[in-house]
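Chain residues, written in single-letter form:
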Amino acid sequence: MQVNPEIAFRNVTRTPAMEQAIREGIAELEKVEDRIVACRVMVELDHRRRSGNTYLVRVDVTIPGTEIVVSRPPSSGGEDHAATAISEAFHTARSRVLDFVRRRRDRYHRGPGE
């Protein structure tokens, strides 16, 4: 990655499990595409809920030619659920990066105008 990833937590206490899930997710993205310019991750505790913890996870990946944004729907529960929500958001981001890489490769192999 060309710059250090930006990781932010809003209304939630940063935990080692969350940090580990984010670092693992970023490492998986870098295995798929080594030209990642930037990666921003936001983990937020939704304060609108009256009971339980609801985590909102956003992963923003910038690659030359595109920006991929994944917003993970809320999940409820404790710390384990936050790590699960993070992992699922990165799984979705990885799938979208793979799709972009495949489309770029197909365009390159077909050539312009085909």
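Here the structure is a predicted model, which means the values were calculated and not measured.

### Looking at the pairing of strand β1 (residues 6-10)
- Alternating residues of β1 divide into Ile7 and Phe9, all buried, and Glu6, Ala8 and Arg10, none buried.
- In this fold, β1 hands off to helix α1 (residues 16-32), which returns the chain to strand β2 (residues 38-45); that crossover is left-handed.

### Focus: the nonpolar core
- Counting 31 residues, the largest nonpolar core has Ile22, Val59 and Val61 as its most contacted members.
- In terms of residue count, helix α2 (residues 79-110) provides more of this core than any other element does, 10 residues in total.

### Remarks on the environment of Arg14
- The residue Arg14 is located in the loop between β1 and α1 in this model.
- Of the residues examined, Arg14 reaches a relative accessible area of 44% and is grouped as partly exposed.
- Once the C-alpha coordinates of Arg14 and Val43 are considered, the two residues, 29 residues apart in sequence, prove to be 9.0 Å apart.
- Other than its neighbours up to four places away in sequence, Arg14 contacts Ile7, Phe9 and Glu19.

### Regarding the pattern of salt bridges
- Counted under the stated rule, the structure contains nine salt bridges.
- Between Arg40 and Asp60 there is a salt bridge, with the nearest N and O atoms lying 3.2 Å from each other. Highlighted residues: Arg40 in strand β2 and Asp60 in strand β3 (residues 54-63), separated in sequence by 20 residues.
- Asp60 gets classed as buried once you look at its relative accessible area, which sits at 6%.
- Between Asp106 and Arg105 there is a salt bridge, with its nearest N and O atoms 4.0 Å apart.
- The exposure class assigned to Arg105 is partly exposed, which follows from its relative accessible area of 41%.
- Among the charged side chains, a network of salt bridges with common partners joins Glu28, Lys31 and Arg94.

### Looking at unusual backbone geometry
- The phi torsion at Asn11 lies on the positive side, around 60 degrees, for a residue other than glycine.
- Looking at where Asn11 falls in the secondary structure, it is placed in the loop between β1 and α1.

### Looking at the pairing of β3
- Along β3, eight of the 10 residues are buried, which leaves the element largely enclosed by surrounding structure.
- With eight bridges joining them, β2 and β3 adopt antiparallel strand pairing. Bridge assignment links Met42 to a residue of β3, and that residue is Arg58.

Cut-offs applied
- Residues numbered from 1 in each chain as written.
- Predicted model: local features only at pLDDT ≥ 70, side-chain atom pairs only at ≥ 80, totals over all residues.
- Heavy atoms only, no water.
- Buried < 20%, exposed > 50% of the residue type's maximum accessible area, 1.4 Å probe, protein only.
- Helix = DSSP H or I, 4+ residues; strand = E, 2+ residues; numbered from the N terminus.
- Right-handed = clockwise from strand over helix to strand, strands pointing away.
- Core = buried A, V, L, I, M, F, W, Y, C linked by side-chain atoms within 4.5 Å.
- Contact = heavy atoms within 4.5 Å.
- Salt bridge = Lys/Arg side-chain N within 4 Å of Asp/Glu carboxyl O.
- Pairing = 2+ DSSP bridges.

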